[in-house]
Each structure stands twice: as structure tokens, then as C-alpha cells.
Amino acid sequence: MVTIAAIIYEPGNSIKNKTGSWRTFRPILDNEKCVKCENCYIFCPEGAIQEDENGNFKINYDYCKGCLICMNECPVNAITKVREEK
Ligand code: SF4
Ligand code: SF4
């Protein structure tokens, strides 16, 4: 059943609604090259890039849709792409 205006009323639903299943390209982040500028973290439209307890950035592939904005915004080419394997 579709709700009015397709609104999802259940709180916290974004955690369940994973967005990464239809990706064509998978970004790969190399922490050896990363200078921790946070560009990828700031520009990712899905909030799929997270900082771990060691200050390293990692990509949550459950929510990454493969738009590659992160790759294009990285000043040191620490993010590359591979074709997604299905
Ligand atoms: S490819 Fe797009 S969605 Fe995935 S981590 Fe990069 S900016 Fe975010
Ligand atoms: S944009 Fe590149 S250098 Fe900056 S935090 Fe992300 S991976 Fe690291």
C-alpha cells in the first residue's frame, strides 16, 4: 500500500532502506593516500562515508549508490572506481 505522498511514517526508516543494491561502479578508498580533508565525507549525498575510531574514512556500501562524487572531489585521487560485480 502506498501512503499519501509516499511518505514513510516509521521513524529511523533510513537505516532499513539501503540504497547500494543498484550500483554500477564501486568507489574504493585508499587510506594510505588519504590526507583526511573530509571532502568525500562532506559531498557524499547519501552520507555513506564515515570516519572510524582511528580517523580513517570508509565507505558504507549498503548506502553508497556509486555516483562517484566522492572520487571527483578527492584532491589526491585516493578514491578510484571498479565495476560492481553482481
Ligand atoms: S559514490 Fe556517491 S554515494 Fe557512494 S560514497 Fe561516493 S559520493 Fe557517496
Ligand atoms: S576526499 Fe580523498 S583525501 Fe579527502 S578524506 Fe576523502 S579520501 Fe581522504
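Student: Could you give an account of unusual backbone geometry, naming the residues involved and the relevant values?
Tutor: Even without glycine at this site, Leu68 takes up a positive phi of about 70°. Residue position: Leu68 is located in the loop between strand 3 (57-59) and helix 3 (69-73). Given the relative accessible area of 9%, Leu68 is considered buried. The residue Asn77 is not glycine, and still its phi comes out positive at about 55°.

Student: Help me get a handle on the site of ligand 1, residues and values and all.
Tutor: Residues in contact with ligand 1 amount to 13 residues; listed here are only the nearest, Cys44, Cys64, Cys67, Leu68 and Cys70. Split by residue class, the shell around ligand 1 holds 10 nonpolar, 1 polar and 2 charged.

Student: Give a description of a nonpolar patch on the surface that names residues and reports values.
Tutor: Among the surface-exposed residues, Tyr41, Ile42, Phe43 and Ile69 lie close enough to one another that they form a single nonpolar patch of about 380 Å² accessible area. The dominant element in the nonpolar patch, judged by the number of residues it contributes, is helix 2 (residues 39-43), at 3 residues. When you line up the elements, Ile42 lands in helix 2. Judged by its relative accessible area of 57%, Ile42 is exposed.

Student: Report on the environment of Ala78, specifying residues and quantitative values.
Tutor: In this structure, Ala78 sits in the loop between helix 3 and strand 4 (79-83). Here the alpha-carbon distance between Ala78 and Lys36, two residues 42 residues apart in the chain, equals 10.0 Å. Leaving out residues up to four positions away in the same chain, Ala78 has contacts with Ile28, Leu29, Asp30, Lys33 and Cys34.

Rules of the game
Residues numbered from 1 in each chain as written. Chains lettered and ligands numbered in written order. Predicted model: local features only at pLDDT ≥ 70, side-chain atom pairs only at ≥ 80, totals over all residues. Heavy atoms only, no water. Helix = DSSP H or I, 4+ residues; strand = E, 2+ residues; numbered from the N terminus. Buried < 20%, exposed > 50% of the residue type's maximum accessible area, 1.4 Å probe, protein only. Near = heavy atom within 4 Å. Nonpolar A, V, L, I, M, F, W, Y, C, P; charged D, E, K, R; others polar. Patch = residues over 30% accessible without salt bridge, like charges linked within 9 Å, V, L, I, M, F, W, Y side chains within 5 Å. Areas by Shrake-Rupley, 256 points an atom, 1.4 Å probe, with all protein chains shown as cover. Salt bridge = Lys/Arg side-chain N within 4 Å of Asp/Glu carboxyl O. Contact = heavy atoms within 4.5 Å.

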